[in-house]
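Each chain, letter by letter, is given below.
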Amino acid sequence: MPIITRFAPSPTGYLHIGSVRTALFCWLFAKHHGGQFLLRVEDTDRARSTPESVQTILEGMEWLGLDWDNKDYDGQGYYSQFAQRARHAEVARQMVANGTAYPCYASPEELDAMRAEQKEKGLPQRYDGRWRDRSASDAPAGISPVIRLKAPQTGETVVTDAVMGTITVQNSQLDDMVLLRADGTPTYMLAVVVDDHDMGITHVVRGDDHLTNTFRQIQIYKAMGWEIPVFAHLPMILGPDGAKLSKRHGAPAVSDYRDRGYLPEAVQNYLLRLCWAHGDDEIISTEQAIAWFDLDGIGKSPARFDFAKLGSVNAHYIKQAEDRRLTDLTAPILERLLGQALTQAQKDLLTRAMPDLKPRAQTLVEIAEMAVFYFHTGSIPVDEKAQKLLTPEAKQHLSALAELLKEKTDFTAPSIENVFRAYAEAKGLKLGSIAQPFRAALTGSTVSPPIFGVAALLGKQEVLRRVCGWVCN
RNA sequence: GUCCCCUUCGUCUAGAGGCCUAGGACAUUACCCUUUCACGGUAGUAACACGGGUUCGAAUCCCGUAGGGGACGCCA
């Protein structure tokens, strides 16, 4: 039987990076086994679900290259849970008919009072089954009931989880949960089970915040006589401080990583290594991941998010990436920094600078910041350290060097370097003592890519213009 | 409060009873390379939460304790 997994986010905000890790694992698992990976949007909460959030989910998935196999579904490209509400209600009715569910007429206020009382007495907060055995004739007039599961009250329910192992809970711990709301819409518990069954999901791979829900879901499967899928609950991703990863930690959404200049393949690789390992392998291509990934490699303990490590993985993929592609991704960031659009010639310059830029950066944003100086057309802003290098003596040398450079016909990095080396040797100077002021004059900073390469890229005219700005007056 | 799960360097992890003097990666420290900063290279610091068992032998199996996380909604 082919394996079918699904990713089932709810469109109520941004797409959480932890959810994306779940999606990655579902996707890899399906790919590894030649199965299918489906997307289902859990949009039954009408008050909180928005079309924008759905769009955010789709974009996030596409950015990471996690393609789903039901893109043609229903003309909208994914399975909508809300669209199945009639089916959910039908299942609830079937359960009432077969005696595994019943109507409950208790009002929300009444239940709040019940929970408050339980809490006060230190009792577990659970529905007490007050309508479980009452006959329909007791029903108050004019109130539409909710439908509750008639859960077994004795014995135990067992979850066999592919990650967590065998977990048992006493049925006395579980109460009669709501399946269908008073307005006839399904609750999450009912909807997931019905949809997972109807979609033929063979492996439910999801975050372990759903682990304790699984007991109750199994009871629904049993009530309907449906085959129970394999469950695999993934440990959560925590923030650097060990608390649930949230806005407080700065970057909870996938889009945050795109905006901060991380490459999708780097994010994917980093996420893959959270709670999963293949020996000592760290840098793992998508192809290798598909070949290697399986449920038995998943660990049980939660992982903390480490931006430093993400940075180093990203640096690796930046070094590997095509210069042209990096230019396309960096240009918009650079344009924002410069406050103007780049011309094609400037983009070409950026591409030619890229080999010197990319080994120095962990993110595309860093590349852009590092590259700004190439594009200054007026005076060059100079930082304090660079200013200090431009002593009267240094300026004299730069002036002399400018004269020598003026004569060069081949303005390449090696030939410029030769000029500097020969000059330094003739004057008994260390190369650094003239190269650093040169760097300061050209870039306005003490830190930059190799300066002779920078000079070659800038071109003779621009180099002389920038040097002249310091020595010609 | 009740129930469930988890626990190896600061972080991600390798580890399937002897291969462990506990390995790798990131971070960190020192040195080398060097026109700056990086890259790269070399070396170093650093962990089996604690307490009991089982066993000739335990990071690995069992039981407690502590700590962390999750679930207890007419949210998903």
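Preceding block: the structure.
Residues numbered from 1 in each chain as written. Chains lettered and ligands numbered in written order. Predicted model: local features only at pLDDT ≥ 70, side-chain atom pairs only at ≥ 80, totals over all residues. Heavy atoms only, no water.

(A) Region of the structure containing the state of the cysteines. Counted under the stated rule, the structure contains one disulfide. A disulfide-free cysteine, Cys 26 has its sulfur positioned 14 Å from the sulfur of Cys 275, the nearest such atom. (Disulfide = S-S within 2.5 Å.)

(B) Here's a closer look at the protein's contact with RNA strand B. Around RNA strand B sit 63 residues, and of these Arg 181, Cys 275, Asp 280, Arg 360 and Arg 439 come closest. Considering RNA strand B, the proportion of its atoms within 4 Å of the protein that are sugar or phosphate atoms stands at 68%. At a separation of 2.7 Å, a sugar or linking oxygen of RNA strand B approaches a polar backbone atom of Arg 273. Pro 450 places a polar main-chain atom, nitrogen or oxygen, 3.1 Å from a base oxygen of RNA strand B. (Near = heavy atom within 4 Å. Polar contact = N/O pair within 3.5 Å; in protein donor to acceptor, adjacent residues only side chain to side chain.)

(C) Up close: helix H11 (residues 323-338). Of all the bends in H11, the greatest reaches close to 40° and is centred on Thr 330; the proline Pro 332 follows between one and four positions later. Among all positions in H11, only Asp 323, Leu 326, Thr 327, Thr 330, Ala 331, Ile 333 and Leu 334 are buried. Contact partners of the buried residues in H11: helix H10 (307-320), helix H12 (344-357) and helix H13 (364-371). Gly 339 sits one or two residues past H11 and shows a positive phi near 75°. (Bend = angle between axes of the 7 residues up to and from the residue. Helix = DSSP H or I, 4+ residues; strand = E, 2+ residues; numbered from the N terminus. Buried < 20%, exposed > 50% of the residue type's maximum accessible area, 1.4 Å probe, protein only. Contact = heavy atoms within 4.5 Å.)

(D) Structural detail: the layout of surface pockets. Its volume calculated, the largest pocket comes out at about 950 Å³. Lining the largest pocket are 38 residues, and of these Pro 9, Ser 10, Ser 19, Asp 209 and His 210 sit closest to its centre. Residue assignment for the lining of the largest pocket shows that the elements contributing at least two residues are strand S1 (4-7), helix H1 (17-32), helix H5 (188-198) and strand S9 (203-207). Tallying contributions element by element places H1 first for the lining of the largest pocket, with four residues. Considered class by class, the residues forming the lining of the largest pocket number 15 nonpolar, 12 polar and 11 charged. (1 Å grid on protein atoms, 1.4 Å probe; cavity = no way out; pocket = protein on both sides within 12 Å on 5 of 7 lines; lining within 4 Å. Points joined across faces, edges and corners; volume = space filled by probe spheres on them. Nonpolar A, V, L, I, M, F, W, Y, C, P; charged D, E, K, R; others polar.)

(E) Looking closely at the pairing of strand S7 (residues 165-170). Where strand S6 (residues 156-161) lies against S7, six bridges are found, and the strand directions are antiparallel. If you follow Thr 157 over to S7, its bridge partner there is Val 169. Counting the residues between successive antiparallel strands, the hairpin from S6 to S7 contains three residues. (Pairing = 2+ DSSP bridges.)

(F) Inspection of the packing of aromatic side chains at higher detail. All told, the structure shown has 13 aromatic pairs when counted by the stated rule. Here the aromatic rings of Tyr 257 and Phe 307 are separated by 6.2 Å at their centres, their planes lie at 5°, and the arrangement is stacked. Of this pair, Tyr 257 sits in helix H7 (residues 254-259) while Phe 307 is found in helix H10, placing the two residues 50 residues apart along the sequence. Judged by relative accessible area, Tyr 257 falls into the buried class, the value being 0%. Classification of Phe 307 as partly exposed rests on a relative accessible area of 22%. Among the aromatic residues, those joined into a cluster by ring pairs are Tyr 257, Tyr 262, Tyr 270, Phe 305 and Phe 307. The positively charged end of Lys 71 is found above the aromatic ring belonging to Trp 68, 4.5 Å away from the centroid. (Phe/Tyr/Trp six-rings, centres within 6.5 Å; stacked < 30°, edge-to-face > 60°. Lys NZ or Arg CZ within 6 Å of the ring centre and 35° of its normal.)

(G) Representation of the sheet that holds strand S3 (residues 79-80). Here we have three strands laid out as an open sheet, ordered S1-S2-S3, and parallel in their pairing. The open sheet has two edge strands, S1 and S3, and neither has a second partner. Both strand S2 (residues 36-41) and S3 contribute to a ladder of two bridges, which runs parallel. Considered in S3, the bridge of Val 41 is made with Ser 80. Its contacts with the sheet put H1 on S1 and S2, and the angle it makes with S1 is roughly 165°. (Axes fitted to C-alpha atoms, helices over the stretch in contact; angles between N-to-C directions.)

(H) Region of the structure containing the nonpolar core. Leu 357, Tyr 374, Leu 405, Phe 438 and Val 463 are the most contacted members of the largest nonpolar core, which totals 55 residues. Once residues lying within four places of it in the same chain are set aside, the contact partners of Leu 357 are Leu 350, Ile 367, Met 370, Ala 371, Tyr 374 and Pro 449. Ile 3, Trp 27, Val 54 and Leu 64 belong to the second-largest nonpolar core, a separate cluster that totals 51 residues. (Core = buried A, V, L, I, M, F, W, Y, C linked by side-chain atoms within 4.5 Å.)

(I) Quick look at the packing of helix H15 (residues 392-406) against helix H16 (residues 413-427). Contact geometry for H15 and H16: axes closest at 11 Å, N-to-C directions at 135°. Regarding the angle of H15 to H16, the classification is oblique. The crossing of H15 and H16 is right-handed. The segment H15 lies against H16, with His 397, Ala 400, Leu 401, Leu 404 and Leu 405 engaging Ile 416, Val 419, Phe 420 and Tyr 423. (Parallel < 35°, antiparallel > 145°, perpendicular 65-115°, else oblique. Left-handed = near helix turned anticlockwise from the far one by under 90°.)

(J) Molecular detail of unusual backbone geometry. A positive phi is found at Cys 275, a non-glycine position, where the angle reads about 75°. Turning to its location among the elements, Cys 275 is positioned in the loop between helix H8 (264-272) and helix H9 (286-292). The exposure class assigned to Cys 275 is buried, which follows from its relative accessible area of 11%.

(K) Structural detail: empty space enclosed by the protein. Evaluation of the coordinates by the stated rule reveals one cavity of 30 Å³ or more. Size it by volume and the largest cavity reaches roughly 30 Å³. In this structure, the largest cavity is lined by Leu 24, Leu 28, Gln 268, Asn 269, Leu 272, Ile 284, Ser 285, Thr 286 and Ala 289. Counting residues per element, the ones that place at least two in the lining of the largest cavity are H1, H8 and H9. Ranked by residues supplied to the lining of the largest cavity, first place goes to H8 with three residues. Its residues placed into classes, the lining of the largest cavity shows five nonpolar, four polar and no charged.

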